Amino acid sequence: MVEQLPQDVIARLRALDSAITPELAQASWALLTPFHEKLGYTAPRIVRDLQYGEHPRHRLDVHAGGEPADGGSGDHGAPVFVFVHGGGFVAGDKHHPGTPTYDMVGAWAVRHGWVGVNMTYRYAPEVKWPAGAEDVAAAVAWLRGNIASYGGDPDRIIVAGNSAGATHVADFAAGHGGDLAGVRGAALVSGIYTTRPAAPGAAPHPYYGVPDPVQASLPCLVESHVPLLFAVAERDPDRFHAAAAEVVAAWRARHGTVPNLVWVDGHNHMSAIASLGVDEAALGVPLARFIDRYTGLSA
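None of these values were measured; they are calculated from a predicted model. (Residues numbered from 1 in each chain as written. Predicted model: local features only at pLDDT ≥ 70, side-chain atom pairs only at ≥ 80, totals over all residues. Heavy atoms only, no water.)

A. Representation of the pattern of salt bridges in the model. Evaluated as defined, the whole model comprises 14 salt bridges. Across the pair D49 and K94 runs a salt bridge whose closest N-O atoms are separated by 2.8 Å. Highlighted residues: D49 in strand 1 (residues 45–51) and K94 in the loop between strand 3 (78–84) and helix 3 (103–111), separated in sequence by 45 residues. Among the residues examined, D49 registers a relative accessible area of 39% and is labelled partly exposed. Using a relative accessible area of 3% as the deciding quantity, one classes K94 as buried. For the salt bridge of R122 with D135, the shortest nitrogen-to-oxygen distance reads 2.7 Å. Linking R122 in the loop between strand 4 (115–119) and helix 4 (131–146) with D135 in helix 4, this pair joins segments that are 13 residues apart in sequence. Assessed through its relative accessible area of 19%, R122 is described here as buried. You can call D135 buried: its relative accessible area is 2%. Ionic contacts of the salt-bridge type, sharing partners, join the residues R48, D49, R57, R59, D61, D93, K94 and D103 into one network. (Salt bridge = Lys/Arg side-chain N within 4 Å of Asp/Glu carboxyl O. Helix = DSSP H or I, 4+ residues; strand = E, 2+ residues; numbered from the N terminus. Buried < 20%, exposed > 50% of the residue type's maximum accessible area, 1.4 Å probe, protein only.)

B. Spotlight on the packing of helix 1 (residues 7–15) against helix 2 (residues 22–39). Look at helix 1 against helix 2: their axes get within 10 Å of each other, and the N-to-C directions meet at 160 degrees. In terms of their interaxial angle, helix 1 and helix 2 are classed as roughly antiparallel. Both helix 1 and helix 2 take part in a crossing whose hand is left-handed. Between helix 1, through V9, R12 and L13, and helix 2, the contact on the second element is made entirely by S28, L31, L32 and F35. Tallied by class, the residues present in the contact of helix 1 with helix 2 amount to five nonpolar, one polar and one charged. (Axes fitted to C-alpha atoms, helices over the stretch in contact; angles between N-to-C directions. Parallel < 35°, antiparallel > 145°, perpendicular 65-115°, else oblique. Left-handed = near helix turned anticlockwise from the far one by under 90°. Contact = heavy atoms within 4.5 Å. Nonpolar A, V, L, I, M, F, W, Y, C, P; charged D, E, K, R; others polar.)

C. Up close: unusual backbone geometry. Geometrically, the link from T101 to Y102 is a cis peptide bond, its omega value of -15 degrees lying close to zero. Cis geometry marks the peptide bond from W129 to P130; its omega dihedral reads 5 degrees. Secondary-structure assignment places P130 in the loop between strand 4 and helix 4. Phi angles above zero are rare outside glycine, and S190 is one such case at about 55 degrees. Checked against the element boundaries, S190 lands in the loop between strand 6 (183–189) and helix 6 (218–221).

D. Fine view of the side chain of D171. Among the secondary structure elements, D171 is positioned in helix 5 (residues 164–173). One buried charged residue, D171, forms no salt bridge at all, with the nearest opposite charge on R122 at 11 Å. At 3.1 Å, the side chain of D171 and the side chain of W129 are in polar contact. Sequence-distant contacts of D171, defined by excluding residues within four places in its chain, comprise W129, A133, H176, G177, Y208, Q215 and S217. (Lys, Arg positive; Asp, Glu negative; His and termini not counted. Polar contact = N/O pair within 3.5 Å; in protein donor to acceptor, adjacent residues only side chain to side chain.)

Laid out in structure tokens, this is it:
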């Protein structure tokens, strides 16, 4: 049976102000945490803070179901699901001790038979575009060389991101970060795929500086050979709906079809990813189908 939240909880999520604020995050997690606690939000085995690069923020956690059955040879490794968190390019983390954030993503992956990986990355304004894509590429390169030891298949990697994390993954899938070897697909939840000039008198963007069209991932995304899934939450702010509409228009102009686009019913910018495991019909079911399809677990 697919896990679903009670309708009164969905109604309360819908009633929250859609603006991305600390209050939205706090209220959303307050509603969802009891359901994650009941389900269990940690994988049987978590190896934390593995360094994939030289910067202190070049860290990732591996979530697995136990000791690798093949002794780490990688011959029969599981698909690898990599999650890149959001935070407005300047904040956020892969793990908040004592909360489901974001261990529940790793646990969700393990319940589906995959190895889960949560990563973090360098922040603006210390770094600028395309540092996020370069960090995703560096993490993927590390996984290709090391994930077999944790039971994962280095040739069956799906990379997903939420918010700023989705933008970093989009830039990576668009070819701005580096080698895509081993990557079977990318899932982009509530991302922005074009850049726009700042309003008159506004300070430069902390990550993009003065935005330039070359920084847009969308033109390259519609040409990417990597399968893509896009998602937008019902209660995302308007700019994320505009970004989804731009994807649909560009994709149809290039391919004559609409892209694989998920409407995350009843959820907001924070709760879309937080719904994994506890409201599977919203995002979990189509995301799992996408992962299984492109990692070869289903026809």
